[in-house]
Amino acid sequence: MKRIVILISGRGSNMRSIVEACTAERWPARVVAVISHRPDAAGLTFAASYSIPTAVVDHRAFATRDAFDAALAQAIDAHAPDLVVLAGFMRILGAAFVRRYEGRMLNIHPSLLPAFPGLHTHRRAIDTGCKLAGATVHFVTPELDHGPIVLQAVVPVLPDDDESRLAERVLAREHVIYPRAVRWFVEGRLHLERGIVTQREGEPQLLLP
Ligand code: GRF
């Protein structure tokens, strides 16, 4: 059984999609903890209702990023995870923290990386006149929203889209690709070499609209 720790900041809908798929599809894995840096993260309530242990490492209690990162790592390592999943986790993590989980930490970002790393991706895609948007699951590297790409989903940008409509359509695809990518990881179906991820069975790593 692979052990998964999920980090969230808020709503936690991606976390929920992973927890539910893990049970429904009988992955050889278990979500052993959900950790947030915000005590009021709504996703913590869902995790608790699923009897998943939760923890809060409140970033406001730490004077420096390094001190926060160290406390977070301690909370994570207490659960001895094989995989750390960032699911809407909105804190920037230091390089030492990221290296500690190198090759075993995934993130989802609501854009077709390497386009639009950082915040406000949907607004930036619309303002740039992009005809395509999407979401990316990737291994985490010290550079923000960067790192070997596991799986991407493409979503069209429609003429009357605003930020929230586009975000909603992208989020629906996030809930498809994130559980799939995590399942590939826990089933040992991902091969990472020189920054390129391949799916061992050749399953498509791109979902078209
Ligand atoms: C998602 O769009 C994720 O890609 C982004 O923040 C949002 C988090 O949503 N980083 P949720 O907390 O998983 O519902």
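Overview of the structure. Given the structure is predicted, the values throughout are model-derived calculations rather than measurements. (Residues numbered from 1 in each chain as written. Predicted model: local features only at pLDDT ≥ 70, side-chain atom pairs only at ≥ 80, totals over all residues. Heavy atoms only, no water.)

**Comments concerning the overall build of the chain**
Along its length, the chain carries 6 helices and 10 strands. In terms of C-alpha radius of gyration, the chain reaches 16 Å, essentially the compact-globule figure of 17 Å for 209 residues. With the C-alpha coordinates of the chain rotated into their principal frame, the extents come out at 45 × 40 × 35 Å. Counting only residues that meet the buried cut, the chain has 48% of its 209 residues in that class. Relative to all contacts within the chain whose residues are 6 or more apart in sequence, the contacts with residues 24 or more apart total 63%. Total accessible area on the chain stands at roughly 10200 Å², and carbon and sulfur atoms take up 54% of it. Positive and negative side-chain charges of the chain, numbering 24 and 22 respectively, have mean locations separated by a distance of 3 Å. (Helix = DSSP H or I, 4+ residues; strand = E, 2+ residues; numbered from the N terminus. Rg over C-alpha atoms; globule rule 2.2 N^0.38 Å. Buried < 20%, exposed > 50% of the residue type's maximum accessible area, 1.4 Å probe, protein only. Contact = heavy atoms within 4.5 Å. Areas by Shrake-Rupley, 256 points an atom, 1.4 Å probe, with all protein chains shown as cover. Lys, Arg positive; Asp, Glu negative; His and termini not counted. Charge placed at Lys NZ, Arg CZ, Asp CG, Glu CD.)

**Things to note about helix H6 (residues 163–186)**
Residues spaced three or four apart along an α-helix point in a common direction, a consequence of the helix completing one turn every 3.6 residues. Taking 1.5 Å of rise per residue, 24 residues should cover 34 Å, and H6 covers 33 Å from first to last C-alpha, within 8% of that figure. The largest bend along H6 measures about 25 degrees and falls at Glu 174. One or two steps after H6, the chain reaches Gly 188, where phi turns positive at roughly 70 degrees. (Expected span 1.5 Å × (residues − 1). Bend = angle between axes of the 7 residues up to and from the residue.)

**Details of the packing of aromatic side chains**
For the coordinates displayed, the defined rule picks out 4 aromatic pairs. Centroid distance Phe 46 to Tyr 50: 5.2 Å. Interplanar angle 40 degrees. Geometry classified as tilted. Exposure remark for Tyr 50: the relative accessible area of 34% places this residue in the partly exposed category. Sitting over the ring of Phe 68, Arg 91 keeps its end group 5.7 Å from the ring centre. (Phe/Tyr/Trp six-rings, centres within 6.5 Å; stacked < 30°, edge-to-face > 60°. Lys NZ or Arg CZ within 6 Å of the ring centre and 35° of its normal.)

**Looking at the side chain of Ser 111**
For Ser 111, the location among the structural elements is in the loop between strand S5 (105–109) and helix H5 (121–127). The exposure class assigned to Ser 111 is buried, which follows from its relative accessible area of 3%. Non-local contacts of Ser 111, meaning those with residues more than four positions away in its chain, are made with Phe 116, Thr 121, Gly 134, Ala 135 and Thr 136.

**Looking at unusual backbone geometry**
Leu 113 connects to Pro 114 through a cis peptide bond whose omega is 15 degrees. Mapped onto the secondary structure, Pro 114 falls in the loop between S5 and H5. Despite not being glycine, Ser 51 shows a phi value in the positive range, around 60 degrees. Notably, Phe 116 is not glycine yet its phi reads approximately 55 degrees, a positive angle. Its location among the elements puts Phe 116 in the loop between S5 and H5. For Phe 116, a relative accessible area of 18% corresponds to the buried category.

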